[in-house]
Each structure stands twice: as structure tokens, then as C-alpha cells.
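What follows is each chain in one-letter form.
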Amino acid sequence: MKLTWNRMTVHPRHRFTTAHWGVDETEVVIVRLEHDGVVGLGEIVPSDLYGQSVAASEAALESMSTLLGDDPFAIDPIVQRLIEHHDDQRAAISGVDAALYDWVGRRLEVPVWKLLGLARPRKQTTFTIGIADLSEIRVKVDEALAAGFDALKVKVGIEHDHETLSIIRDAFDGPLLLDANEAWEPDEAPEKIQALARYRPTMIEQPLKKEDWRHLAALRSLGVAPIFADEACERPADVARLHGYVDGVNIKFTKCGGIREALRMISTARTLGMQVMLGCFVSSSLAIAPPLSVASLVDLADLDGHLLLADDPFTGIEREGGIISLGDTPGLGVAPRD
Ligand SMILES: [Mg+2]
């Protein structure tokens, strides 16, 4: 197996902001796995929230090349080896995991979702409204609704929360997911969350810092909305740890390491009666196709990373209003735009 990679820069349509940071452009790494005349592709979307970077991902790829072996069909043991050696670089692992699944699908001429024995992915995605000044919020919401999105996700945890949410609820009555990105302390969070009840949130994501996860149980009992862990839930074992403390978990491939690990997390969450959401970072369609391939298994999808871009270099994910889907194209179902 020959593994090569290159950096790629993508640009959000609007500056994308959460409680902690803003993004004008995102640098990702495109992974290319070639074997027996077939090429599989994957995308690495590193996040410094998890000790990842483009440079660290590339360094991990150098070493991963020597761990692949000579059988791309053996995805499970390959990914297990990558985790044993590079547990701290799961974004890089997810890029290789995606390239392996893409390779197998292309080689067998079946879509990855079919390879996994799953229903065809056809899922409502939320569209994220980033933190912005109030006039810009109005523009973003109008754009999202005009484009047919019928579920919105909003970043909260800043001083204009109530003005922002009032503007949104004036224009939109559908599912509204709130993401606080660790904004609150345990002693202030109950009051903050109760004050959000009037906006009828579908769920509230990561209201506390990840190390304060034990305090999340008290927020569940407020009964305002299901409480989901995002930053506090990275890997499969985190799902079991969080059982009883949260209603659900947000699985992202950058955190967990790709399809193989996400399937383990979904299975654990389901066994424990927990809800599951799939999330993403700003990225191209190539990074969205892997989580979308397993999206039939989850309750909520926030897979709008490619839809936030001005210049998505990959194509293949269909969208009708708020529904994104994959067809019968072999592999992950996406290809470079040109
Ligand atoms: Mg989040």
C-alpha cells in the first residue's frame, strides 16, 4: 500500500466563530492510498482542541505508512495498529480509515454504506449559525432558511445569547440545537439553561468544560432539553464513562478516528440507551462522506462542514433542502470537483 498526502486550504463563506475561536480558513490534509491500481481518498481535519495539527498529522502519517501491511481489506486490524501507535492523533487515523474504506468500496464497486450493511444515508442535517453580531445573525438565518435548511444549530455562551435566539425564533419554529462549547461553570449553568427553555431547544451540547463532566447529570435533571457531550466525549471508552451523566454524545471523526471507531461508539451508546449525534468541523465533502455513510444509525446529524464552505473542492453529496444523502457511487461517494 502506498500512502501519500498533500495539504489543502478551504474557506468558509462567513467567518465561523464559537465561544473560543474564529476561523477564516481551514487547512486540511488529503490522504491518498494506492494499492493494486485502485486509489482511496480520505481527509484529515485536525483540531487543536484535541492536541492535533496539520504538522502533527503529517508526522503521524509518515509512521503510519509502515504500519499498514499489504492488505487494505483488513481495515479492523490496521486501524487497531494505528491506534496503538498514534492514539493522540486520531484525526490522522480517521483520514487513513476513510481512505481504506474508500479503497475497499471502489475495489468492490459498492458504496461504503452498503459495504457496512447499512441503509442508504439520507439524513436531515442541522445548519450551524456561528457567533456573529446581531445584524449578521439575521442575514445568516435568512440565508439558511432560503436555502431550505429545516434544522438549525446555534452557538451559545456569549453575552448576546438571548438577542440571537430571539431573532432566530422569530423567523424559525423548527428543531434548534444549542452548543455552548464549554462556556459555563457548574454553579451558573442551571440558571443559564433554565433561561434558554423559552427557545424550546432540541438539545444542549457541552454546557460545561470537559473536565466538569460529572456535573452534567444535574443539568439533565432540569428537564429543559437533552444534554449532549461533545468535547468531553472523544473515544469509545468515553461513551461508557459518560453513561448516566448525559443523554447523548456527539461523535466526530476528528476525535474518534474514523468509521471503525465511530461504529464502536454508536454500538456502545445504543447498548446503554444513549442518544447519538454525528458532528463535524469545517471541512470539504470528503470529510463529511465518512460520517454520512453511517448517519442512518444516529438520532441527529450536524454534518454541515462542507455546506459552510465557499469553495468545496469535492462533490458527490446530494442535498435537497435540509436533507443530505449519498447515492450508489462506489467507495465514499465523493470525488474531486474537476
Ligand atoms: Mg459541539
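See the structure above.
Quick notes on the rules
- Sequence order as written defines residue numbering, which begins from 1 separately in each chain.
- Per-residue local features are limited, in this predicted model, to residues with pLDDT of at least 70; the limit for side-chain atom pairs, both in listing and counting, is 80 or more; totals at the level of whole chains, interfaces and linings are taken over all residues.
- In computing side-chain values, all of the structure's heavy atoms are included and hydrogens and water are not.
- Any N, O or S atom lying within 2.8 Å of the metal counts as a donor, with the limit raised to 3.2 Å for Na, K and Ca; because water is left out of the atom set, some sites can appear incomplete.
- Secondary structure is summarised from DSSP: a helix means a run of H or I of at least four residues, a strand means a run of E of at least two, and numbering begins at the N terminus for each.
- Throughout this description, buried means an accessible area under 20% of the type-specific maximum (1.4 Å probe, protein chains only), exposed means over 50%, and partly exposed covers the range between.
- Should DSSP find at least two bridges between two strands, the strands are regarded as paired.
- A fitted line through C-alpha atoms represents every axis, and for helices the fit uses only the stretch in contact; the resulting angles, taken between N-to-C directions, go from 0 to 180 degrees.
- Throughout, a residue-residue contact means that at least one pair of heavy atoms, one from each residue, lies within 4.5 Å.

1. Focus on the coordination of the magnesium ion
Every protein donor of the magnesium ion is accounted for by Asp179 (OD), Glu205 (OE) and Asp230 (OD), and the metal-donor separations fall at 2.1 to 2.2 Å. Ordering the donors of the magnesium ion by residue number gives the pattern D-x25-E-x24-D. You can see Asp179 sitting in strand 9 (residues 176-179) and its partner Glu205 sitting in strand 10 (residues 203-205), a full 26 residues away along the chain. Judged by relative accessible area, Asp179 falls into the buried class, the value being 1%. Classification of Glu205 by relative accessible area gives buried; the value is 0%.

2. Things to note about the sheet that holds strand 17 (residues 323-325)
Strands sit in the order 6-17-16 across an open sheet of three strands; the sheet is antiparallel. One side of each edge strand has no neighbouring strand; the edge strands of this open sheet are strand 6 (122-124) and strand 16 (318-320). Sheet twist, expressed as the mean angle between neighbouring strand axes with direction ignored, is 25 degrees. The pairing of strand 6 with strand 17 spans three bridges and is antiparallel.

3. Focus on the sheet that holds strand 1 (residues 2-10)
Taken in spatial order, the three strands of this open sheet run 1-4-5, and their pairing is antiparallel. Only two strands of the sheet have a single neighbouring strand rather than two, namely strand 1 and strand 5 (38-44). When the angles between neighbouring strand axes are averaged without regard to direction, this sheet yields 25 degrees. Here helix 3 (residues 90-108) sits on the sheet in contact with strand 1, strand 4 (26-35) and strand 5, set at roughly 150 degrees to strand 5.

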